[in-house]
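The chain contents come next:
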Amino acid sequence: IREDPWFLSQLDQHIYGIATDQIPDPIGVLTEYAGFVDQVHEAHGTRYSVLARPLFGFFHGRKGRVLRRHLAHAVAQVKPLGKGVVDQRHSVRFSELLQDALAKSEMEHAQSIADEEYVKVAQIG
């Protein structure tokens, strides 16, 4: 399960007959989890790096390594000053970090597609 978190959705479809359109999409799950992270962080001061750890295997075996890299980098920028105390210069909600990481990974993905097209055209010409 840890290696492929979407295995459970396939299992639900197979065993319980849940329709594909009833299974939440990965971005929806990430967005919902980001809200949970924000609540736990604000209530208990738990570091984002701890709360984000379950997400790093989220796209295992799928396109998403770029998102993982951007999210890990963003989370690493939030430095706690002590137990439960966060530097106010870096007071940003996890949901904002996630949206920024998603936007950067989409841009990087679009750029890689453009680069591949350029190489194909250059090889033809």
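About the criteria used
- Residues numbered from 1 in each chain as written.
- Predicted model: local features only at pLDDT ≥ 70, side-chain atom pairs only at ≥ 80, totals over all residues.
- Heavy atoms only, no water.
- Phe/Tyr/Trp six-rings, centres within 6.5 Å; stacked < 30°, edge-to-face > 60°.
- Helix = DSSP H or I, 4+ residues; strand = E, 2+ residues; numbered from the N terminus.
- Buried < 20%, exposed > 50% of the residue type's maximum accessible area, 1.4 Å probe, protein only.
- Core = buried A, V, L, I, M, F, W, Y, C linked by side-chain atoms within 4.5 Å.
- Contact = heavy atoms within 4.5 Å.
- Patch = residues over 30% accessible without salt bridge, like charges linked within 9 Å, V, L, I, M, F, W, Y side chains within 5 Å.
- Areas by Shrake-Rupley, 256 points an atom, 1.4 Å probe, with all protein chains shown as cover.
- Salt bridge = Lys/Arg side-chain N within 4 Å of Asp/Glu carboxyl O.
- Expected span 1.5 Å × (residues − 1).
- Arc of directions from axis to C-beta.

Peer 1: Explanation requested: the packing of aromatic side chains in the structure shown.
Peer 2: How two aromatic rings sit relative to each other is given by the distance of their centres and the angle of their planes. Overall, the coordinates contain 2 aromatic pairs when judged by the stated rule. Arranged with centres 5.6 Å apart and planes meeting at 40°, the rings of Y33 and F36 form a pair that is tilted. Placement of the pair is Y33 and F36 together in helix α2 (residues 26-44), with a separation of 3 residues, close to one helical turn. A relative accessible area of 41% places F36 in the partly exposed class. Between Y48 and F94, the aromatic rings sit 5.5 Å apart at their centres with planes inclined by 55°, giving tilted as the arrangement. Here the residue Y48 occupies a position in helix α3 (residues 48-52), and F94 occupies one in helix α5 (residues 94-124), the gap between them amounting to 46 residues. For Y48, a relative accessible area of 4% puts it in the buried group. Of the residues examined, F94 reaches a relative accessible area of 0% and is grouped as buried.

Peer 1: I tried to follow the environment of A76 on my own but got confused; where do I start?
Peer 2: Along the chain, the position of A76 falls in helix α4 (residues 65-76). Between the C-alpha atoms of A76 and Y48, which are 28 residues apart in sequence, the distance is 8.3 Å.

Peer 1: What am I meant to see in the environment of G57 here?
Peer 2: Assignment of secondary structure puts G57 in the loop between α3 and α4. For G57, a relative accessible area of 27% puts it in the partly exposed group. Counting along the chain gives 11 residues from G57 to R68, while the straight-line C-alpha distance between them is 8.3 Å.

Peer 1: How should I be thinking about the nonpolar core in this particular structure?
Peer 2: Counting 20 residues, the largest nonpolar core has Y48, L71, V75, F94 and L97 as its most contacted members. By residue number, the principal contributor to this core is α5, which donates 5 residues. Residues in contact with F94, not counting those within four places in the same chain, are A34, V37, D38, Y48, A52, L55, L71 and V75.

Peer 1: What is the right way to look at a nonpolar patch on the surface in this model?
Peer 2: On the surface, a cluster of nonpolar side chains totalling about 550 Å² of accessible area is made up of F7, L8, L11, I15, Y16 and I18. Summarising the element assignment, I18 is placed in the loop between α1 (7-16) and α2. Looking at I18, the relative accessible area reads 31%, which means it is partly exposed.

Peer 1: Which parts of the structure should I look at to understand the environment of A72?
Peer 2: If you trace the backbone, A72 turns up in helix α4. Taking C-alpha positions, A72 is 9.8 Å from L98, a pair spaced 26 residues apart along the chain.

Peer 1: What's the story with α4 in this structure? I'm lost.
Peer 2: Helical geometry note: an α-helix holds 3.6 residues per turn, so side chains three or four residues apart project in the same direction. Compared with an ideal rise of 1.5 Å per residue, which puts 12 residues at 16 Å, α4 spans 16 Å between its outermost C-alpha atoms and is within 8% of the ideal. Those residues of α4 not exposed but buried are L67, H70, L71, A74 and V75. What you see down the axis of α4 is that its buried residues fit within an arc of 130°, all on one side.

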